[in-house]
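Structural features, examined
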Amino acid sequence: RLMAKRPDYAGLDMASCHVMGIINVTPDSFSDGGDYNTTEQSVARAMAMIEQGASIIDVGGESTRPGADTVSEDEEINRVVPVIRELASKGHVVSIDTRHAGVMEAAIEAGAAIINDVTGLEGDERSMEVAAASGKPVMLMHMQGEPGTMQADPKYDCAVLDIYDYLLDRIESCERAGISRDRICIDPGIGFGKTLSHNLELLSRLAIFHGLGCPILLGTSRKSFIGKIDPKADPKQRLGGSIASAVNGWRHGVQMIRVHDVPETVQAISVASSTSIV
Ligand SMILES: Nc1nc2[nH]c(S[C@@H](C(=O)O)c3ccccc3)nc2c(=O)[nH]1
């Protein structure tokens, strides 16, 4: 009898919930500008996350913080490539978090295994062709508007259904470009052009996105919706809310969770899934 092929994405078993560790490669403000420190620190942190149970490391070189000064594509590449090359050379699964096709190309050349694009491969007109040609798995996230203005006045007819339809459209675009559905992961984009109530609607209806037939990635870690629920909590004090929303995601069957706090999230998912006590 043929062994039933376990569903996989980027070589990961999609029958379980994986933790993705976030690495923002931003210049080490203490170094004399020397990128060695930044690279070395980022690699060390990533290795620790892997040791702590992260299945994927998501490497980004440009803060999408609203209003942040944009980073040039070359600077973004100079930040992420050394980190990706080092981690990939050790055999680790690395995703590149970028919306720029040139950065995707450089990251793939350096060994990135996955393309994670917060603009659903729409942010740069070359992104779709670069992703298709790479043969790599992609992560398509929904964002309404642009990082600088997306939170001004987010509006939907129905957030869950509008975002579902957007992601379906992006999947079909990818398929037309030769990216098969089995290398597509989708992400509702918590905090990217959503009010608190939009974010909460999405979190309470996550299971609906399984209808798209792709693994689901969820990113809630330290996000401002947690601060809206607990105004005392600044970003470094949102672990409880990050964990609660991660376990909620697990309960809805999401297959990947993007977090800053790897060991705590790994433990939370392990306990939650032990005899499914949650
Ligand atoms: N696929 C996927 N990629 C992502 N990249 C990010 S950056 C975000 C953050 O808070 O980490 C962020 C937003 C605004 C400013 C800084 C950082 N969030 C996601 C996500 O939710 N899903």
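Residues numbered from 1 in each chain as written. Predicted model: local features only at pLDDT ≥ 70, side-chain atom pairs only at ≥ 80, totals over all residues. Heavy atoms only, no water.

All right, on to the overall build of the protein then. A count of helices and strands for the protein gives 9 helices and 10 strands. Referenced to the eigenvectors of the C-alpha coordinate spread, the extents of the protein come out at roughly 55 × 45 × 40 Å. Of the roughly 12700 Å² of accessible surface on the protein, a fraction of 52% belongs to carbon and sulfur atoms. Measuring between centres, the 26 positive side-chain charges of the protein sit 6 Å from its 38 negative side-chain charges. (Helix = DSSP H or I, 4+ residues; strand = E, 2+ residues; numbered from the N terminus. Areas by Shrake-Rupley, 256 points an atom, 1.4 Å probe, with all protein chains shown as cover. Lys, Arg positive; Asp, Glu negative; His and termini not counted. Charge placed at Lys NZ, Arg CZ, Asp CG, Glu CD.)

A word on the site of the ligand. Taken together, 12 residues are adjacent to the ligand, and Asp97, Asn116, Asp187, Lys223 and Arg258 come closest. The contact in question runs from a nitrogen atom of the ligand to an N or O atom on the side chain of asparagine 116, over 2.8 Å. If the ligand stood free it would expose 480 Å²; the protein chains cover 88% of that surface. (Near = heavy atom within 4 Å. Polar contact = N/O pair within 3.5 Å; in protein donor to acceptor, adjacent residues only side chain to side chain.)

Time to look at the pairing of strand S4 (residues 56–60). For S4, the buried fraction is high: 5 of the 5 residues fall into the buried class. Across the two faces of S4 the burial is the same, with Ile56, Asp58 and Gly60 and Ile57 and Val59 all buried. By the bridge criterion, 5 bridges tie strand S3 (residues 18–24) to S4 in an arrangement that is parallel. Bridge pairing links isoleucine 22 to aspartate 58 in S4. (Buried < 20%, exposed > 50% of the residue type's maximum accessible area, 1.4 Å probe, protein only. Pairing = 2+ DSSP bridges.)

With that settled, the discussion passes to the nonpolar core. Membership of the largest hydrophobic core comes to 68 residues, with the highest contact counts inside it found for Val59, Ile84, Leu121, Ile179, Ile184, Ile186 and Phe209. Here this core takes 8 residues from helix H5 (residues 159–176), the largest share from any one element. In this structure, isoleucine 184 is in contact with Tyr9, Val138, Leu140, Ile171, Cys174, Ile179, Cys214 and Pro215, ignoring residues within four places of it in sequence. Grouped together as the second largest cluster of nonpolar side chains are 11 residues, Tyr9, Leu12, Met14 and Met139 included. (Core = buried A, V, L, I, M, F, W, Y, C linked by side-chain atoms within 4.5 Å. Contact = heavy atoms within 4.5 Å.)

Quick look at the confidence of the model for the protein now. In the predicted model, the protein carries a mean pLDDT of 93, and the fraction of residues at 70 or more is 93%. Per-element mean pLDDT across the protein ranges from 92 in helix H1 (residues 35–51) up to 99 in strand S9 (residues 217–218). Among the prediction metrics, the complex's ipTM stands at 0.99, with pTM recorded as 0.95. (pLDDT = per-residue confidence, 0-100.)

For helix H8 (residues 239–251), spanning 13 residues, the distance from its first C-alpha to its last is 18 Å, which sits close to the expected 18 Å at 1.5 Å a residue. Against S9, helix H7 (224–229), strand S10 (256–259) and helix H9 (262–273) lie the buried residues of H8. One or two positions beyond H8, positive phi appears at glycine 253, with a value near 85 degrees. (Expected span 1.5 Å × (residues − 1).)

Now for the sheet that holds strand S8 (residues 184–187). Strand pairing in a sheet is mediated by backbone hydrogen bonds. Such pairs are either parallel or antiparallel. With parallel pairing, the 8 strands of this open sheet are ordered in space as S8-S7-S6-S5-S4-S3-S10-S9. Looking at the sheet topology across the chains shown, the edges are occupied by S8 and S9. Looking at chain direction, S3 and S10 are connected through 4 bridges and run parallel. Residue methionine 20 lies in a different strand from S10, and its bridge partner there is arginine 258. Running at roughly 145 degrees to strand S7 (residues 138–141), H5 makes contact with S7 and S8 of the sheet. The strands touched by H9 are S3 and S10; relative to S3, the strand with the most contacts, the crossing angle is about 170 degrees. (Axes fitted to C-alpha atoms, helices over the stretch in contact; angles between N-to-C directions.)

One can find glutamate 51 in helix H1. Residues glutamate 51 and proline 263 lie 212 residues apart in sequence; the distance between their C-alpha atoms is 9.0 Å.

It is the contact of H8 with H9, at a shortest axis distance of 10 Å, that shows an interaxial angle of 40 degrees. Regarding the angle of H8 to H9, the classification is oblique. Like other packed secondary-structure pairs, H8 and H9 cross with a definite hand, here right-handed. Listed contacts from H9 to Leu239, Ile243, Ala246, Val247 and Trp250 of H8 are Glu264, Thr265, Ala268, Ile269, Ala272 and Ser273. For the contact of H8 with H9, the class distribution of residues is 8 nonpolar, 2 polar and 1 charged. (Parallel < 35°, antiparallel > 145°, perpendicular 65-115°, else oblique. Left-handed = near helix turned anticlockwise from the far one by under 90°. Nonpolar A, V, L, I, M, F, W, Y, C, P; charged D, E, K, R; others polar.)

In this section: a nonpolar patch on the surface. On the surface, a nonpolar cluster with roughly 270 Å² of combined accessible area is contributed by Val271, Ile277 and Val278. In this structure, isoleucine 277 sits in the segment after H9. For isoleucine 277, a relative accessible area of 57% puts it in the exposed group. (Patch = residues over 30% accessible without salt bridge, like charges linked within 9 Å, V, L, I, M, F, W, Y side chains within 5 Å. Salt bridge = Lys/Arg side-chain N within 4 Å of Asp/Glu carboxyl O.)

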